[in-house]
Amino acid sequence: MLTRLLPAALAVLGSFYLVCPSKAPCQSAVPSDSALAAPSFPAVLPIPPAYSRTPAVPMSTTETAAIVDTQGMDILTTAILTEEAITRLTAARTTETFLAVTLADVVYLTLERNLDYKIAQLNYEIAQEEVTAQKGLFDPVLSATIQASESTQQGSIFGALMGGGNMGLQGARQQMGLGGYETPLADIRRQGVEEDIAALQARLNALEAALAQGFASDYRSINRMKSRSAAIQVTEQNGLGGQIGIGYSINRMWMDPTFLNINPSYSQSAQVWIVQPVPFFRGWGPAVTLSGIRLAQRNETARAWEQRQELINQLAAVMSGYWDLVNAIYNAEVQRLSHESAKNLLRINEIRLKHEVGTEIDVWEARAGVAARENMLIMAAHAIGLAQDNLARLTRVKEGPQWKVRMIPRDPPRYSEYPVDEMKFIADAHSRPDIRQAELMRERAEIRRTVARNERMPQLNAFGQYGISGLGPSVGRSSHYLGTADYDNWAVGVDFNFPIPNTKARARARQADKLVEGSELLIEKTRDFAEFEVRKAIRDLQSARESIAVSETRIRAEREKLRGELKRYEVGMATSQDLLDYQDRLAAAQSAYIASIVAYNKAIIDLERARGTLLDSLPSLGAPTVTFAPSAGEP
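Quick summary incoming for the structure in this document. Everything numeric here is computed off the predicted structure, so don't read it as measured data.

Another point: the pattern of salt bridges. Counted under the stated rule, the structure contains 25 salt bridges. Each member of the salt-bridge network shares a partner with another, and the members are R432, D434, E533, D606 and R609.

Taken together, the side chains of R456, R506, R510 and K514 define a basic patch exposed on the protein surface. With respect to the helices, strands and loops of the structure, K514 is situated in helix α15 (residues 503-570). Here K514 falls in the exposed class, since its relative accessible area comes to 60%.

A few words now on the packing of aromatic side chains. For the structure on display, the rule yields six aromatic pairs. Judged by centre distance (5.6 Å) and plane angle (45°), the rings of F280 and W284 are tilted. You can call W284 partly exposed: its relative accessible area is 27%. On the numbers, 5.1 Å between centres and 45° between planes, the contact of Y415 with Y600 is tilted.

Moving on, we get to a nonpolar patch on the surface. Where nonpolar side chains cluster on the molecular surface, the patch consists of L142, I232, V234, I246, Y248, V272, Y466, W490 and V492 and spans about 880 Å² of accessible area. Elements with a minimum of two residues in the nonpolar patch: β3 (222-237), β4 (243-256) and β8 (488-497). Take V234: it is sitting in strand β3.

Among the secondary structure elements, Q583 is positioned in helix α16 (residues 576-611). Since its relative accessible area comes to 0%, Q583 is described here as buried. Taking C-alpha positions, Q583 is 6.7 Å from L562, a pair spaced 21 residues apart along the chain.

This part covers the environment of T97. By the element assignment, T97 lies in strand β1 (residues 97-101). With 310 residues separating them in the primary sequence, T97 and M407 have C-alpha atoms 8.4 Å apart.

To continue, consider the packing of helix α5 (residues 103-113) against helix α11 (residues 360-395). In a pair of packed helices, the angle between the axes and the distance between the axes together describe the arrangement. Look at α5 against α11: their axes get within 8 Å of each other, and the N-to-C directions meet at 45°. Compared by their axis directions, α5 and α11 come out oblique. Residues V106, L109, T110 and R113 of α5 touch α11, and the partners they reach there are L391, L394 and T395. Here the residues of the contact of α5 with α11 sort into four nonpolar, two polar and one charged.

For an α-helix the count is 3.6 residues per turn, leaving residues at separations of three or four pointing the same way. Listed in full, the buried residues belonging to α5 are L103, A104, V106, V107, L109 and T110. Structurally, α5 contributes buried residues whose contacts are with β1, α10 (291-354), α11 and β6 (405-409).

Structurally, the position occupied by S519 is in helix α15. Residues in contact with S519, not counting those within four places in the same chain, are M441, R442 and A445.

Take α15 next. Across its 68 residues, α15 extends 95 Å between first and last C-alpha, which sits within 8% of the 100 Å expected from 1.5 Å per residue. The first or second residue beyond α15 is G572, which carries a positive phi of 80°.

Turning our attention to unusual backbone geometry. The omega torsion of the bond from I500 to P501 falls at 5°, within 30 degrees of zero and hence cis. Summarising the element assignment, P501 is placed in the loop between β8 and α15. With a phi angle near 60°, A485 is a residue other than glycine that sits in the positive phi range. Secondary-structure assignment places A485 in the loop between α14 (475-484) and β8. Exposure remark for A485: the relative accessible area of 34% places this residue in the partly exposed category.

Procedures and definitions
- Residue positions are counted from 1 within each chain, in the order its sequence is given.
- Given that the model is predicted, a residue must reach a pLDDT of at least 70 before its local features are reported, and side-chain atom pairs must reach 80 or more before they are shown or counted; all residues, however, enter totals for whole chains, interfaces and linings.
- The basis for the side-chain values is all heavy atoms of the structure; hydrogens and waters are excluded.
- A side-chain nitrogen of Lys or Arg and a carboxyl oxygen of Asp or Glu constitute a salt bridge if their distance falls within 4 Å.
- Only residues above 30% relative accessible area that lack a salt bridge enter a patch, with like-charged residues linked at up to 9 Å and the nonpolar side chains Val, Leu, Ile, Met, Phe, Trp and Tyr linked at up to 5 Å.
- For the accessible areas, the method is Shrake-Rupley and the probe is 1.4 Å, while residue cover comes only from the protein chains on display.
- Asp and Glu count as negative and Lys and Arg as positive, but His and the ends of the chain are not part of the count.
- Just so you know, the charge point we use is NZ for Lys, CZ for Arg, CG for Asp and CD for Glu.
- Going along the chain from the N terminus, every DSSP run of H or I of four or more residues is numbered as a helix, and every run of E of two or more is numbered as a strand.
- Exposed residues in this analysis have more than 50% of their type's maximum accessible area, buried residues have under 20%, and partly exposed residues fall in between, with area computed by a 1.4 Å probe over protein chains only.
- Any pair of Phe, Tyr and Trp rings, taking the six-membered ring for Trp, is counted once the centres come within 6.5 Å. Such a pair is stacked with planes under 30 degrees apart, edge-to-face with planes over 60 apart, and tilted for the rest.
- Whenever a helix is involved, its axis is fitted only over the stretch in contact; in every case the axis is a line through C-alpha atoms, and angles between N-to-C directions fall within 0 to 180 degrees.
- With respect to orientation, any angle under 35 degrees is reported as roughly parallel, any angle over 145 as roughly antiparallel, any angle of 65 to 115 as roughly perpendicular, and every other angle as oblique.
- Residue contacts are counted whenever heavy atoms from the two residues lie within 4.5 Å of one another.
- Throughout this entry, Asp, Glu, Lys and Arg are counted as charged residues, while Ala, Val, Leu, Ile, Met, Phe, Trp, Tyr, Cys and Pro are counted as nonpolar. The remaining residues, Gly among them, count as polar.
- Helix span, expected: 1.5 Å multiplied by one less than the number of residues in the helix.

Now the structure itself:
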């Protein structure tokens, strides 16, 4: 009988020799209902009790209460960043740089350094330049040709080459897929009266002699010709699919033997022309002509929405990563307190064994508990490192090629009621950037369909040209006759062509129809996915809210269960392993409470992302206001 009462008596006696660590009356660590409903975050981290002296007794009520208080300190009513916490987190890591950041800080860093967002921004700028490039369709095109040619031929030459190749109306029609058009040569007439009859007769006699020699020598006579020419023209595309142009050319020709009455001769010509598709035929109208510009404008707007979507995605990822780091640090703090509690139990069991009131198995069980909690601390530190690496990746906070900068969050997790309106949230989601991109994809498909249907039609182009020319034995004389406009030429007509049975164009048109149909389906698919994401985020938010309430109750229950188990341990009705199990349950409850609050904050972020309203909601989430700069204008 005395043997059974001795441990209890010693415990009561030992209570007079021990004091609370703070020299103040010991208070229960169980949080009040109001504290659990609206947790506050004072800037003090819990520090495990430090005993003023080594107990001289094997066990006491105050000593056993320290196990509960150390394990049961309300980790949820603490802030993250204090000097003591930084020292603990950065111990033995002198090669790394630690950066204290808030949620606003990581948002700013994302805007400045995130590579995915910068890539999206570059894609938008590329799309802007493409619009400018497509508008270059209407830039006037200046073409110039300078040519020198000489030829030595056998036999007679009765033709002359004038003008530059692929120039003027002929070149324009060839460019638009039409047949060639030969500009009629101006009549070669005698220019001026300065040459007398004798000179002309001498040229005619030379011509007759050359012809006679050529025929008599079996066409082995030698004919030489030298030509020097220059041409310049300006062409411009109009909004209806046609082309207008103006051109000028000058030519000098010398022949031996002489077949012309002017040798060398100088000729000049000026002309203006137009080639225009006829209405309701292929290639006519702004719908076809401006299709490239309109496609580029839609693509520019789509890239702007893509950049906005990428900004939302990256901000959501970095904010969620911030709260993951908060959760990892809080969980590590819970594990540290659990480790301190296990060490307290080990010390108590060692003292009891020393005074021969405990068993050796109790000591070994306590040591196993300490080792298990050390392993949990290692895993918790690993989780902190992964969360810090993820945050460093998203914000690109590093020194050189090595990731030596470690961020420590300063903002604690928040809990505030978030009103949910499912119908409104789904309506908001229908204006998400990805849905806008799908709608713009449909518009681009419709533009391509218009062009493809136009390609099925026959091509009928009208063309017209007017020109003047001048000819003389010198540049000045040819310019004089060019200025008189006495020697003009003109041409009008139409060109028609139509591939039979036009297989390629018909196939392209069917492809375009299917692309429009596919874009409609993509819009519906994107809307369905947006609604699913909103509903999922709402359910995650509701589950996190319910988990917070359940975790509050679980913490109170596990703490009281631990106290009861301590009383059973004092009277020998429970083992050290039982006590360690209850400590683990309380630690798991506290970790679950922290995780539920973090999950609640992350669910809000995910819901705002799913709605497409994250940028507008940043101030209410503790982040700075972000103004989205790019604004692509509608065509």
